[in-house]
Amino acid sequence: MAVSLSARNITKRYGAVVALDEANLEIRAGEVLALIGANGSGKSTFTRVMNGVVAPDSGQLLLDGRPMRFASPRAATNAGISTVFQELSLVPQMTVAENIWLTREPLRRGLIDRTTEQRRTADLLALFAGTFRSDLAPDVPVQALLPDEKQIVEILKAVSINPRLLILDEATASLDSRQVQRLFELVAHWKEQGKAIVFVSHRMAEIVQIADRYSVLRNGRTVGEGAMADATASDLVALMVEEAAVASVAQRARPSAEQLATRRVSLQVDDLRTAELNGVSLQVHEGELLGIGGLKGQGQRDLLLALFGSLPYSGRVTLDGQAVHCSHPREAMARGLALVPGERGREGLLAIRSILENLQIPSWRDYGFPLQMERARRTAGAVASRLNLIMAGLDQPVSGLSGGNAQKVVIGKWLLRNPRFLLLDDPTRGIDVGAKAEFYRLLAQLCDEGTTIVFYSSDDDELIGLCDRVLVMHDGKISSELAGATLTATNLIAASLGATRQEATP
Amino acid sequence: MRRSRWQDVTYRNPYLFALLLLIIALAVNILLQPNLVASATLNSNMRVFLPLILVAIGQAVVMIGGGIDISVGAIVSVVNALLATQIGINGDPGTATIMMGAALFVGMGAGAFNGLFVAYLRLQPIITTFASSFLFAGLALFILPNPGGGVPSLFTAFYRETILLGLPLALYVIALTLAAWALVRQTRYGRYLYAVGGKPDAAYETGVPVRAVQFSSYVVSGLMAALGGIAITLLTGSGNAQVGDPLTLSSITAAVIGGTPLSGGAGGIAGPIMGAVILGLVRNIISFANVETWWQTFVNAAIIVLALAMPGIINLVRRRNV
Amino acid sequence: MRRLTISPPLAAVLLAIVLFLLSGLLPNGFGNNPDIALAQAINIVRLSVFLGVIAAGQTLVIISGGEGIDLSAGAVVTLTAILTYTIVNGQDAQVLPALLAALVIGGAIGLVNGVGVAFLKVAPLVMTLGMAGVVSGLILVLTQGNVSGAIAPIMTRLIARPVVLGIPGAILIWAAFGALMWLLLERTRFGKHLFAIGTNRTTARLSGVNVTGMVLGVYALSGMLAGLGGFLVVGNTGVVHIRIGDPFLFPSIAAVAVGGTLLSGGKGSYAGAMAGALVLTLITSLLTTMQQPESIRRMVLGVTLLLMISIYGRQRGFRQ
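None of these values were measured; they are calculated from a predicted model. (Residues numbered from 1 in each chain as written. Chains lettered and ligands numbered in written order. Predicted model: local features only at pLDDT ≥ 70, side-chain atom pairs only at ≥ 80, totals over all residues.)

Describing the sheet that holds strand β22 (residues 477–483) of chain A
All names here are of chain A.
Stage number 1. The 6 strands lie next to each other as β18-β19-β20-β15-β21-β22, forming an open sheet whose pairing is mixed. Of all strands in the sheet, those with a lone pairing partner are β18 (337–340) and β22, marking the two edges. Averaged over all pairs of adjacent strands, the angle between strand axes in this sheet comes to 20 degrees, irrespective of strand direction.
Stage number 2. Where strand β15 (residues 289–293) lies against strand β21 (residues 469–474), 4 bridges are found, and the strand directions are parallel. From the neighbouring strand, glycine 293 faces β21, where its bridge partner is valine 472. (Pairing = 2+ DSSP bridges. Helix = DSSP H or I, 4+ residues; strand = E, 2+ residues; numbered from the N terminus. Axes fitted to C-alpha atoms, helices over the stretch in contact; angles between N-to-C directions.)

Below is the structure:
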């Protein structure tokens, strides 16, 4: 049963941010299509449109030539479209077999036929035989598994409905090379069976190996497609990166390497370890803007949280020559650190509270008893106008603000404390271009004032355009350091995709 | 996330903690009351434990589904008040049987009321069932303003004195509920219940009818509370509109001791049954250990709080030692 | 959701006034004679004070979020009422020590709740319900079935009798207390941090708020306020019995809900709880005046709370 899916002129906006801008895609039975693009190019949104999780604002989905509208993920599943989710859709307390067959349990006389279920699960697991621990068995609860094994279960759950179109969204991100090879053998087999496969990945080597055709997204637009045989990896990278855009927005006058070297080291980290970090060492100079790059989830978040005292760690942290060990954000704050966390809504804001309270939470202790509200309003108002915060008033709840304005509130609450060290966890994600430009100016200004900044971004353009140096993280370690002439888009992508330290040096 | 040996062991054997406590409680109890396992003594104990056991099973079902039911005690009271007033000490056996059947529907109706608010109106389970508990408690008091009424001795004697093959009636009831549960575990519904309690978003994405499952768990809890109400009525033979009050906390405690986490998605009913028996044995021990009368409530309550806090204490101590 | 243009506390006060006026139409309701009506109104407000003070602690734990609730408040009221009664024993000089004892004992019980919730991660509902049992047991141990003592004349004078312009002392105390609560919630760091942990504990922590310490403090404070409530209650009734605090528990939570405080935490005010206490006391008094039995009163309270959470307490759905 041949299948074809085409997505035509799909547009999806989130507030002011355009995630997809007339994106197109075409896939037929028996082919593997690689959907590629830099971070934030709209790949995830696109796959979520195809599997019914996200409803597009405009555009058309054609399945076998017929227009389709999926009311729910369930509807897409029934149409034979199955997705391996990046965020796991498994119930941790339930076993592997229970998770795979949930809502589709084999029945005999109205009761679950456990024997058949176990057998079918074992058959599915056999597809990956030899690539996982013996612990992975049909009757093991999912929460006892390692991340790669969970990912395998997630893949098998998607495969178990015998889909006609399979979407693999970053399905290889937590798999090791053997598991990836096995997956590719399976993909080749499924292709022969006439299934269509959409493959989303950051790993260029994998894309080149598995895909028949490619489709490149940039800023939500389809900027290129074609047969894989006609393109090289560097062609694709060139399509993903828009060098011109770098120049236009993210720019900052940077001190030379020599100038930086004369400044004193204000933050030094030696052999920092957490559950995700395998020994990170780094130095940042006073007033330096240090970028942290790499694929998502390589330990960047842990690094920033540990420095801010929010995560237990081992290793040594030295601030201005003084060894410190913060075990609560309060202590880090007292030493002049500030953190803009990665998930704005969940970690940075008090949604139902006012802008004033959001700006002043870390600072109330400075306003005496009873709190000097007039002064609090004055300082908050001053920082709001410095950040050009667009609001109805300080008493407006932050839940009503746009992404960019809400992020200004998160940054503003730390500016009120004049931090000497600013830790930023992907601060521009989901905010519009105008707010980004203002934010870049602010960073430049802060650096000039001597603030030491550690800046993780999933947007490579920012790292290249703004940072003095960029450390690329891979698997909980720093894999390469890019600065000056080596700090280019190509090098950054190459390093992110698993290159090692020496590759980056010119 | 790395897990400790203790977590691993308790994960694989959720009833282990309850089983250990049960053995200890039994041992102490037998020391103080050597004839505990004689069939007459066993019967006189089990018939007292049975109401809580039934209510705790219902509570566990709701908790597995990710909710909680604070109104079970009040539902027990409603059923008790209903039976005591509508049957009467000299009531006719036919009416009595019909009324007991009706009581089951009353329990399910009360559960459906809770389920409607929690599952379909999406209100917080704790506060919703807390509010409905007041409504139900008022209803019980309305039906039976002052303690009184009763059921014919024919029925109470059947409940109190039935011993088959040397085993008390209560054990057969327990066996029946365990068999029913084993059956439920083999249905899709059983799977859905755990999925909904474990990770509702994932269950929803996979196509589980989350709201309907949540709703049904409250109906089951109401039904079990009604059964508990019938049992307690047959045990006491009289009516008291506040008879169910202590069962609410006890049922939650029994479920927690029995390895059912408040976070949902795990546990079963064997553990809560053991938990309920343990709570009953602790009461026994307190009274046999010559604890002064005035101290008994305090000691009992303190043990309950300690049991509820036990997982937290173990966790805290373990973290200190690592 | 439809935006309400009128603030919940104001809505609750209006509801109380409407109920009061409507009650004039009932055969057994409050009289049509303005003088009697005024006296009755003052009396209702005076009776609301005790519920109002107990609801203050409840307001704090509910605002603190994390399914916060204090079900031990009723038992603590009973215990501290009995303690006050025994310690005072008819002597004016003993009033202050008794007040202090009520606050300390209430605070200590609250602290145990806080330890259970903050460190042992017991759900607040379960922890405080369990503590209610422990405190009830403690009451039996302490009283052994009989309580002897008496309140002091000064307590009756200050709490139950008119002090200035025919306004009973209790109402004046409540007004001052309300001002202090407003100050605590709106003009102290504690208050600001309380709203922060109630809204989002992760954000609060990452903004330097000591979440664990706050939770401990809030439950201790709630216990203390229940202790104060016990002191005032016995000062009003002049006699004590072993269940004196029980009737206050459920209304104390309902009062907070009626006043528009979000039961999931992070938003609310004590003014709302005060208005809620007025509404609930009025409803209870009305039902009593109309000679409705306890059962009807309970059902009405239960339905009131269900209605309030249906209006204010919906949770998010699965599809955004």
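There is more to say after this.
Structural notes on the pairing of strand β14 (residues 278–285) of chain A
Every other side chain in a regular strand lies on the same face of the sheet, so the side chains alternate between the two faces.
Residue and element names in this part refer to chain A.
Stage number 1. Of the pairings in the sheet, the one linking strand β13 (residues 265–273) to β14 comprises 6 bridges and is antiparallel in character. Across the sheet, the residue bridging to valine 265 is histidine 285, located in β14.
Stage number 2. Hairpin connection, β13 to β14: the antiparallel pair is bridged by 4 residues.

Here we look at the interface of chain C and chain A
Stage number 1. At the interface, 19 residues of chain C touch 23 residues of chain A.
Stage number 2. Every element with two or more residues in the side of chain C that touches chain A is listed here: α8 (189–199) and α9 (201–206) of chain C.
Stage number 3. In terms of residue count, the dominant contributor to the side of chain C that touches chain A is α8 of chain C (5 residues).
Stage number 4. Per-class residue counts for the side of chain C that touches chain A are 5 nonpolar, 9 polar and 5 charged. (Contact = placed C-beta atoms within 7 Å. Nonpolar A, V, L, I, M, F, W, Y, C, P; charged D, E, K, R; others polar.)

Overview of the environment of asparagine 236 of chain C
All names here are of chain C.
Stage number 1. Here asparagine 236 is to be found in helix α10 (residues 211–237).
Stage number 2. Given 20 C-beta atoms within a 10 Å radius, asparagine 236 is considered buried.
Stage number 3. The spacing of asparagine 236 and isoleucine 151 is 85 residues in sequence and 9.3 Å in space, taken between C-alpha atoms.
Stage number 4. Non-local contacts of asparagine 236, meaning those with residues more than four positions away in its chain, are made with Phe50, Ile159, Ala160 and Ala170. (Buried ≥ 20, exposed ≤ 12 C-beta atoms within 10 Å, placed from the backbone.)

Considering the confidence of the model for chain C
Stage number 1. Per-residue confidence for chain C averages 88 on the pLDDT scale, and 93% of its residues sit at or above 70.
Stage number 2. Taken over the whole predicted complex, pTM reads 0.85, whereas the ipTM for its chain interfaces reads 0.87. (pLDDT = per-residue confidence, 0-100.)

Focus: the confidence of the model for chain B
Stage number 1. When the pLDDT values of chain B are averaged, the result is 88; 95% of them are 70 or greater.
Stage number 2. Put simply, helix α1 (residues 5–12) of chain B is where chain B has its lowest mean pLDDT, 57, and helix α11 (residues 210–236) of chain B is where it has its highest, 95.

Digging into the packing of helix α4 (residues 72–86) of chain B against helix α12 (residues 247–257) of chain B
Angle between the axes and distance between the axes: these two values describe a pair of packed helices.
Residues and elements named next belong to chain B.
Stage number 1. For the pair α4 and α12, the least separation of the axes is 7 Å and the interaxial angle reads 130 degrees. By the criterion of interaxial angle, the relationship of α4 to α12 is oblique. Of α12, the residues touching α4 (which contributes Val72, Gly73 and Val76) are Leu247, Thr248 and Ser251.
Stage number 2. Class assignment for the residues of the contact of α4 with α12 results in 3 nonpolar, 3 polar and no charged. (Parallel < 35°, antiparallel > 145°, perpendicular 65-115°, else oblique.)

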